[in-house]
Amino acid sequence: MSVKSFEDQRWVSQDQPVEFWHKQALSAITSGPVLDVGCGVGLLLELLKSKNIKAIGVDVSSSRLKKSVEKGLDVREHDIEHEPLPFENNLFAHVTCLEVMEHLHHPEQVLKECVRVSNGGVSVSVPNFNSISARIQVLLGKRPENNSPQKGHIFWFNKSILEKMIKSSNVEIVLF
């Protein structure tokens, strides 16, 4: 099953709650325009709109984008893993890629594209597969929650892997 098919099926009935990473990204964004890569059902776009910050979202899932369009959000269907972002260099004041990179086969090239279209910051969040809770679950003979088939995770991150990827993309690391 392709990533697009998986994500289309997964998000037909799901909505998204405001999470820690949304709040952290919002605290880093002071002006637009903003690009939300992997915008899903448009939650971050809605939060930015409520702050009067112009934002555009891209996502591979047409079912998620349908929900965003119904909310009146500016979104575009785009396969970020197989095509460059359809935007000029340095166009956005900020780019977000929240809880997306673990769903990709080639997250480093997506990160480089996020950096290319940003003239300010890039906010990235990924689950930490070496977290204490994941380690305890493994020690108890269980599959870590963040590795369940329903999550669709392809690429595993921990702090060291993410830092190496960010440094190889010539980006300054700012941890929240």
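Worth saying up front: this structure is predicted, and the values here are computed from it rather than measured.

Caption draft 1: Fine view of the sheet that holds strand E3 (residues 75-77). Overall, parallel pairing links the 5 strands, which are arranged E3-E2-E1-E4-E5 in an open sheet. Of all the strands in the sheet, the pair left with one neighbour each is E3 and strand E5 (118-125). Strand-to-strand twist in this sheet, taken as the mean axis angle between neighbours without regard to direction, amounts to 20°. With 4 bridges joining them, strand E1 (residues 34-37) and strand E2 (residues 55-59) adopt parallel strand pairing. The partner of Asp 36 across the bridge, within E2, is Gly 57. Strand contacts of helix H3 (residues 43-50): E1, E2, E3 and strand E4 (92-98), with the helix running at about 180° to E2, the strand carrying the most contacts.

Caption draft 2: Just the nonpolar core, in detail. Formed by 22 residues in total, the largest nonpolar core has its most connected members in Leu 35, Val 37, Ile 80, Leu 85, Phe 87 and Met 101. Listed by contribution, the elements that provide at least two residues to this core are E1, E2, E4, helix H5 (107-117) and helix H7 (159-168). Counting residues in hydrophobic clusters, the runner-up holds 16 residues, among them Ile 29, Cys 39, Ala 55 and Val 75.

Caption draft 3: Representation of the packing of aromatic side chains in the model. For the structure on display, the rule yields 1 aromatic pair. A ring pair is formed by Phe 87 and Phe 92, whose centres lie 5.0 Å apart and whose planes are at 85°; its orientation type is edge-to-face. Taking relative accessible area as the criterion, Phe 87 reaches 9% and is therefore assigned buried.

Caption draft 4: The pattern of salt bridges, seen in detail. Going through the model one piece at a time under the given rule, you end up with 5 salt bridges. Note that Arg 116 is salt-bridged to Glu 113, the shortest N-O span being 2.8 Å. Of this pair, Arg 116 and Glu 113 both sit in helix H5, separated by 3 residues, roughly a single helical turn. Assessed through its relative accessible area of 24%, Arg 116 is described here as partly exposed. Taking the relative accessible area as the measure of exposure, Glu 113 reaches 17% and is therefore buried.

Reading the values: the criteria
- Residues numbered from 1 in each chain as written.
- Predicted model: local features only at pLDDT ≥ 70, side-chain atom pairs only at ≥ 80, totals over all residues.
- Heavy atoms only, no water.
- Pairing = 2+ DSSP bridges.
- Helix = DSSP H or I, 4+ residues; strand = E, 2+ residues; numbered from the N terminus.
- Axes fitted to C-alpha atoms, helices over the stretch in contact; angles between N-to-C directions.
- Contact = heavy atoms within 4.5 Å.
- Core = buried A, V, L, I, M, F, W, Y, C linked by side-chain atoms within 4.5 Å.
- Buried < 20%, exposed > 50% of the residue type's maximum accessible area, 1.4 Å probe, protein only.
- Phe/Tyr/Trp six-rings, centres within 6.5 Å; stacked < 30°, edge-to-face > 60°.
- Salt bridge = Lys/Arg side-chain N within 4 Å of Asp/Glu carboxyl O.

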